[in-house]
Amino acid sequence: MIRIAEEVRRAGVRAVALETSVVAQGLPAPHNLDAARNCARAVRERGAVPAFVAVIGGEIVVGASDEELRRLADPARKPAKAGSRDLAALCASGADAGTTVSATCAIAAQAGLRVFATGGIGTAEALETLGVPVIGFRTSELPAFYTEGSGVVLEHRVEDAAEMAKLLRAHFYDLGLGTGVILAVPPPSLLPREEIEAAIAAALAEARTRRLPGKEVTPFLLGRVAEQTAGRSVRANLLLLENNAGVAAEVAVALAS
């Protein structure tokens, strides 16, 4: 039920898993496909191999092709949004779906991929409860999505990919710890905190009024914030995704060396 592209299989640890919910739901066309291609280019330029994870016709794909990404990016096809809990149902029904963080992590782990690049994840409190280490990349503060920092202090940081690879070897191979490890990378393009916080607050209030189901909240928020910032949040998001993919590739290459 899982098809691993031959290039990804050959790359081994040098492959970088990439989610596809940003292609299927997270960004409007043509930004969704542009984002995927820019991330893939950033990964390749640093010597790693991009491995987009998706559900295509009920088959889980690790290393989706450009044609398969175009299929997910087509809003007329209405691809589903797959969390890890949805994978069996979507495969059984023969659906197309973009994978979220949870589904991408689950499939990447089964495929033997150690590095996964995404844009943003859940709260620091949940990560602490689950025992997931959060390492700052040249920062001692948990980065915010659009602004300079969240105010949450991080206990550990690394200064480059080689240092992070050394930490991952200790975590995965020497100690055999069961959790993932998050490398928190500051966004390369910053927007004013007051403007972003006001836009997010207004969007959240509207989402509550509309009683949107969980899977629809993030795409709705991204769309409303983009409207409130005249598209500047979309440009910042694209730069963040590409930058994170590049850093992940550097770590993957260092881990494989």
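Buried within helix 6 (residues 101-111) are the following residues: A103, T104, I107 and A108. Mapping the buried residues of helix 6 onto a view down its axis gives an arc of 125°, with all of them on the same face. Turned more than 90 degrees from where helix 6 packs its buried face, A109 and Q110 sit exposed. Of the residues trailing helix 6, G112 is marked for its positive phi of about 85°.

Another aspect to go through is the side chain of S21. One can find S21 in helix 2 (residues 21-26). Residue S21 is classed as buried on the basis of its relative accessible area of 9%.

Here the focus is the nonpolar core. Counting 44 residues, the largest nonpolar core has V16, L27, F52, V115, M164 and L168 as the members making the most contacts within it. With eleven residues, helix 11 (residues 232-256) is the single largest residue contributor to this core. Setting aside residues no more than four positions away along its own chain, V16 makes contact with V43, A48, V49, P50, A51, L113, V115, A117, A248, A249 and A252. Counting residues in each nonpolar core, the second largest holds 20 residues, with A11, A17, C91 and I107 among its members.

Quick look at the pattern of salt bridges now. Using the criterion set out here, one finds 19 salt bridges in the structure. Between D96 and R71 there is a salt bridge, with the nearest N and O atoms lying 2.6 Å from each other. With D96 in the loop between helix 5 (87-93) and strand 6 (97-99) and R71 in helix 4 (residues 66-73), this pair connects stretches of sequence that are 25 residues apart. With a closest N to O distance of 2.3 Å, E195 and R232 form a salt bridge. Of this pair, E195 sits in helix 9 (residues 193-210) while R232 is found in helix 11, placing the two residues 37 residues apart along the sequence. Among the charged side chains, a network of salt bridges with common partners joins E206, R210, R224 and E227.

What counts, and where the lines are drawn
- Residues numbered from 1 in each chain as written.
- Predicted model: local features only at pLDDT ≥ 70, side-chain atom pairs only at ≥ 80, totals over all residues.
- Heavy atoms only, no water.
- Buried < 20%, exposed > 50% of the residue type's maximum accessible area, 1.4 Å probe, protein only.
- Helix = DSSP H or I, 4+ residues; strand = E, 2+ residues; numbered from the N terminus.
- Arc of directions from axis to C-beta.
- Core = buried A, V, L, I, M, F, W, Y, C linked by side-chain atoms within 4.5 Å.
- Contact = heavy atoms within 4.5 Å.
- Salt bridge = Lys/Arg side-chain N within 4 Å of Asp/Glu carboxyl O.

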